[in-house]
Amino acid sequence: MSKAGAIAATSALHLLEQYREGTSFFWSSPQHTLLAQGERMRFPVSAVQQQVVSDSSGNKDHAHGNHVKGVHFVIEQVRQMIQEAQQTGLRKPIVVGAIPFDPSQSSAELLIPETVQWAEPPSHAANGSYERRPAAAGCEIEEAPGAETYQRSVNQVLRQMEQGELDKVVLSRTLRVVSDDLVDTHQLLRNLFRDNAHGYTFAVPMNKGTETKSNITTTYRNDDKVNHQGTRTFIGASPELLVTRKGTIIRANPLAGSAARSDDPGEDRRRAEALLASAKDRHEHAVVIDAVAAALRPLCKQLIVPAEPSLIQTSTMWHLSTEIHGELLDRDISSLEVAFALHPTPAICGTPVLMAREAIGSQEPFDRGLFTGMVGWCDSEGDGEWAVTIRCAEVEGNELRLFAGAGIVAGSTPEAELAETSAKFRTMLLAMGLDSTVSHLKEE
Ligand SMILES: C=C(O[C@@H]1C=C(C(=O)O)C=C[C@H]1O)C(=O)O
């Protein structure tokens, strides 16, 4: 393949088998499969918090100021990492990893790897050759927040919507899963890859929180010393493309408006048709498309936005989808900069964005971290692919933390939004082999 820094091209399944927990970054999209190994440079862990003055006042403008600083910090650090890597002799460095929902609160998990291998996108047929084996066993599951608390939050947000200008807020919740044994992260990745051939499957090695003295840490790890118990991995299979850039051509594919799949084909089709016809879901979707188009328009010579959404399906969900194509005015805007021009879209935050972020901060009793951020890669020419980090979990030892959210608009009901989050957890639960254990989470 033409990608610089790449070792010989190989098959997607071959790359998947070479994945090593703790030292590999794995990515598969409808365009590419990528396995990045080792760590030449890593994004600084604690420097974000040093750069951004923490805001204890809860002031919205201050929080927004911090967010903007956090974004600039990430863009600048990535630019520096690429420059430094070029100075050390890498011809076309690539940055891979994930960026949090709020870069002023949590650290990005980005790195420049030692080696990069590319392969064609996975073929559906090849994926079918995998057997789905459980990745965790004998699990205890705890909902956080619990169902009642989540529904109360939805009601509070709905009341706020009746009173003011708040139009949409995405509220999420988590599941903490504790397994009897260490989670088999590699098997989890295989299962996700098998079940989500049309999406964006990823595994990101997370920092273990080591102190950094300089802004950019240069680490050389000895693979033999990596203990699976000591690794943290951010893993998932997102159906949602934030943006890809190749040269000046960009593509975005926001999703918003969802329905759970059904095992009964007739019922499944009815749910899809009802979703496409639902005024509430159409509005929830339109809010996202308007915001994405408004953010892209100033950057583009040409932008094509279909007037009507279409339907896409994953193995667990139906979604309203709009594929947006554009041509950038300026080739110097990297895929990461375009991604940040969009982030956070109302698909995972809400609108107006500052009010939505404030509502999320006051209603969600946990830090989103990398959830509803972005995952992907960007090379030194600015080309890249970034997906929205949803249908995902953080894995450490024998524990997983799963995340799922749902968009609240006027007309939403707490019961339906709770059921939607439960249905969205199924992508990860299925991949873990736990779907039958938690059948009450399945929306009927
Ligand atoms: C927030 C999530 O998904 C987002 C919310 C959607 C919705 O509210 O309909 C649909 C797709 C995603 O943009 C999630 O999966 O956790």
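To be clear, the structure that these remarks concern was listed above.
Below is a short write-up of the structure. (Residues numbered from 1 in each chain as written. Predicted model: local features only at pLDDT ≥ 70, side-chain atom pairs only at ≥ 80, totals over all residues. Heavy atoms only, no water.)

### Observations regarding the site of the ligand
Logical step 1: Neighbouring the ligand are 18 residues; Glu 240, Gly 257, Ser 258, Arg 391 and Gly 405 lie closest to it.
Logical step 2: Measuring from an oxygen atom of the ligand, one finds a backbone N or O atom of Gly 405 at 2.7 Å.
Logical step 3: Between Gly 407 and the ligand, the recorded distance is 2.9 Å, taken from a backbone N or O atom to an oxygen atom.
Logical step 4: Most atoms of the ligand, that is more than half of them, are within 2 Å of grid points of the largest cavity.
Logical step 5: Of the residues assigned to the shell around the ligand, the class counts are 8 nonpolar, 5 polar and 5 charged. (Near = heavy atom within 4 Å. Polar contact = N/O pair within 3.5 Å; in protein donor to acceptor, adjacent residues only side chain to side chain. 1 Å grid on protein atoms, 1.4 Å probe; cavity = no way out; pocket = protein on both sides within 12 Å on 5 of 7 lines; lining within 4 Å. Sits in = over half its atoms within 2 Å of the grid points. Nonpolar A, V, L, I, M, F, W, Y, C, P; charged D, E, K, R; others polar.)

### Let's talk about the pairing of strand β5 (residues 94–99)
Looking down a regular strand, the side chains alternate between one sheet face and the other.
Logical step 1: Of all 6 residues making up β5, 6 are buried, and the element is well covered by its neighbours.
Logical step 2: With 6 bridges joining them, β5 and strand β20 (residues 374–379) adopt antiparallel strand pairing. Residue Val 96 lies in a different strand from β20, and its bridge partner there is Trp 377.
Logical step 3: Summarising the sheet, β5 and strand β6 (residues 109–112) pair through 3 bridges and their orientation is antiparallel. Residue Gly 97 lies in a different strand from β6, and its bridge partner there is Leu 110. (Buried < 20%, exposed > 50% of the residue type's maximum accessible area, 1.4 Å probe, protein only. Helix = DSSP H or I, 4+ residues; strand = E, 2+ residues; numbered from the N terminus. Pairing = 2+ DSSP bridges.)

### Considering empty space enclosed by the protein
One simple way to see leftover space: roll a probe sized like a water molecule over the atoms.
Logical step 1: Taken as a whole and judged by the stated rule, the model has 4 cavities of 30 Å³ or more.
Logical step 2: In this model, the largest cavity occupies a volume close to 180 Å³.
Logical step 3: Forming the walls of the largest cavity are 21 residues, and the residues nearest its centre are Ala 347, Ile 390, Arg 391, Gly 405 and Lys 424.
Logical step 4: When residues of the lining of the largest cavity are traced back to their parent elements, those giving at least two are β9 (168–178), β14 (255–260), β23 (399–408) and α11 (414–432).
Logical step 5: Counted by class, the lining of the largest cavity contains 9 nonpolar, 6 polar and 6 charged residues. (Points joined across faces, edges and corners; volume = space filled by probe spheres on them.)

### Details of the packing of helix α6 (residues 185–195) against α11
Each pair of packed helices can be summarised by the angle the axes make with each other and by the distance between the axes.
Logical step 1: Interaxial distance between α6 and α11 falls to 8 Å at its minimum, and their mutual angle equals 120 degrees. Between α6 and α11, the angle is such that the two are oblique. Note on packing geometry: the crossing formed by α6 with α11 is right-handed. Of the residues in α11, those touching α6 at Leu 188, Asn 191 and Leu 192 are Thr 427, Met 428, Ala 431 and Met 432. (Axes fitted to C-alpha atoms, helices over the stretch in contact; angles between N-to-C directions. Parallel < 35°, antiparallel > 145°, perpendicular 65-115°, else oblique. Left-handed = near helix turned anticlockwise from the far one by under 90°. Contact = heavy atoms within 4.5 Å.)

### Points about the layout of surface pockets
Logical step 1: By volume, the second largest pocket is sized at about 390 Å³.
Logical step 2: Residue lining of the second largest pocket: 23 residues in total, with His 198, Gly 199, Ile 312, Gln 313 and Thr 314 positioned closest to the centre.
Logical step 3: At the level of elements, α6, β11 (232–238), β13 (249–253) and β16 (310–313) are the ones that each hand at least two residues to the lining of the second largest pocket.
Logical step 4: Residues of the lining of the second largest pocket, tallied by class, amount to 6 nonpolar, 11 polar and 6 charged.

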